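Commentary on secondary and tertiary structure
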Amino acid sequence: MIDHYKIARQRMVETQLIPRGIKDKRVLDAVRKVPRHLFVDEAFYGQAYGDSPLPIGEEQTISQPFMVAVMTEALELKGDERVLELGTGSGYQTAILAELCHKVFSIERISSLAGRARKVLDKLGYGNVVVRIGDGTLGWKEEAPFDAIIVTAGAPEIPQPLTEQLKIGGRLVIPAGGEFMQSLIRVRKTENGIEKEDLGGCRFVKLIGEHGWKVEKEGYEY
Ligand code: SAH
């Protein structure tokens, strides 16, 4: 039987990722492999390999495939890393990370999203992922330090616990800036301190928490 989704993924890599400069072969292979459609509602299956973010409920979105590839490539994963992820959301980025590192520690503040992501990740057999519900801006102290940290929601500034919980030589990728527009920042922790690099403009939903934006809606507090 022809796997139309697999063909759509190949096409996505060839038209959206390679021409825009994604080079890491392991990242491209992971995007070719992970069935993105399973991380969205069935009503969106037909759009799952398009060039855009999609709604996943709770006013949150699954990131644009290109953005997932850019952020993942920026983490420079080789395979043996322990990675912290903030904003599990649909779990798609989590699955990509799980393909490329040793273990993923993922934190999501909205329990219904965390539960749904967990189910899909289990169904696909990702045993190297731990999902926790909570405020990721505090990091995950018991499991720190991490080789790499990825934040998939926009922060007003870089949460201090995250740089503290990064290993020397580690990379942190985070959208930081205003409520509606941010810059994608890569932080490298060196012996001499923190180096920051601007990887370009981006637009993410808000990172809400103690070291993020403050809660603006009733009902999502924990
Ligand atoms: N990587 C996800 C992106 C989801 S959108 C995907 O592609 O599906 C960003 C997610 O960050 C949302 O699910 C939101 O609830 C979550 N989030 C926001 N603030 C958070 C925080 N402080 N800790 C953990 N998750 C947070």
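The structure this text deals with has already been given above.
The following paragraphs examine the structure supplied in this document. All chains use their own residue numbering, which begins from 1 and follows the written sequence. Per-residue local features of the predicted model are confined to residues with pLDDT of at least 70, and side-chain atom pairs are confined, for both listing and counting, to 80 or more; whole-chain, interface and lining totals are unaffected and use all residues. Hydrogens and water are ignored here; the side-chain numbers use all heavy atoms of the structure.

Examining the sheet that holds strand S7 (residues 166-177)
The test is simple: By definition, two strands form a pair when at least two bridges between them are found by DSSP. Each helix corresponds to a stretch of at least 4 residues labelled H or I by DSSP, and each strand to a stretch of at least 2 residues labelled E; elements are numbered beginning at the N terminus. Axis geometry follows a simple rule: fit a line to the C-alpha atoms, using only the stretch in contact for helices, then measure angles between N-to-C directions, giving values from 0 to 180 degrees. Contacts are assigned to residue pairs with any non-hydrogen atoms lying within 4.5 Å of each other.
Read from one edge of the open sheet, seven strands run S5-S4-S3-S6-S7-S8-S9, paired in mixed fashion. Strands at the two margins of the open sheet, each flanked by one partner only, are strand S5 (129-133) and strand S9 (193-202). With strand direction ignored, the average angle separating the axes of adjacent strands in the sheet is 15°. Note that strand S4 (residues 103-108) and S5 share five bridges and pair parallel. Across the sheet, residue isoleucine 107 finds its bridge partner in S5, namely arginine 132. Lying over the sheet, helix H5 (residues 111-123) contacts S4 and S5, oriented at roughly 165° with respect to S5.

Digging into the site of the ligand
Defined as follows: Nearness of a residue to a molecule or strand requires only that one of the residue's heavy atoms be within 4 Å of it. Side-chain atoms alone can form a polar contact between residues adjacent in sequence; in general such a contact is a pair of N or O atoms within 3.5 Å, and within protein one must be able to donate a hydrogen while the other accepts it. Each accessible area is a Shrake-Rupley estimate made with a 1.4 Å probe; only the visible protein chains count as cover when residues are assessed. The way it works is a 1 Å grid over only the protein atoms, where trapped points that fit a 1.4 Å probe form a cavity and open points with protein on both sides within 12 Å along at least five of seven lines form a pocket, and then any residue with an atom within 4 Å of a point lines it. To be counted as sitting in a cavity or pocket, a molecule needs more than half of its atoms within 2 Å of that site's grid points.
Lining the immediate surroundings of the ligand are 24 residues, of which Ser90, Glu108, Asp135, Gly136 and Ile208 lie closest. Separating an oxygen atom of the ligand from a side-chain N or O atom of serine 90 is a distance of 2.6 Å. A distance of 2.6 Å separates a nitrogen atom of the ligand from a polar backbone atom of isoleucine 208. Bound to the protein, the ligand loses 99% of the 580 Å² it would expose on its own. Among the cavities detected, the one that contains the ligand is the largest pocket. Where the shell around the ligand is concerned, the elements lending two or more residues are strand S2 (60-62) and S4.

Details of the layout of surface pockets
The cut-off we apply is this: Grid points are joined across faces, edges and corners, and a volume is the space filled by probe spheres set on the points.
In this structure, the largest pocket occupies an estimated 540 Å³ of space. Every element with two or more residues in the lining of the largest pocket is listed here: S2, helix H3 (65-74), helix H4 (92-100) and S4. Among the elements that take part in the lining of the largest pocket, S2 stands out by supplying three residues, more than any other.

Everything listed is a geometric property; what it means functionally is a separate question.
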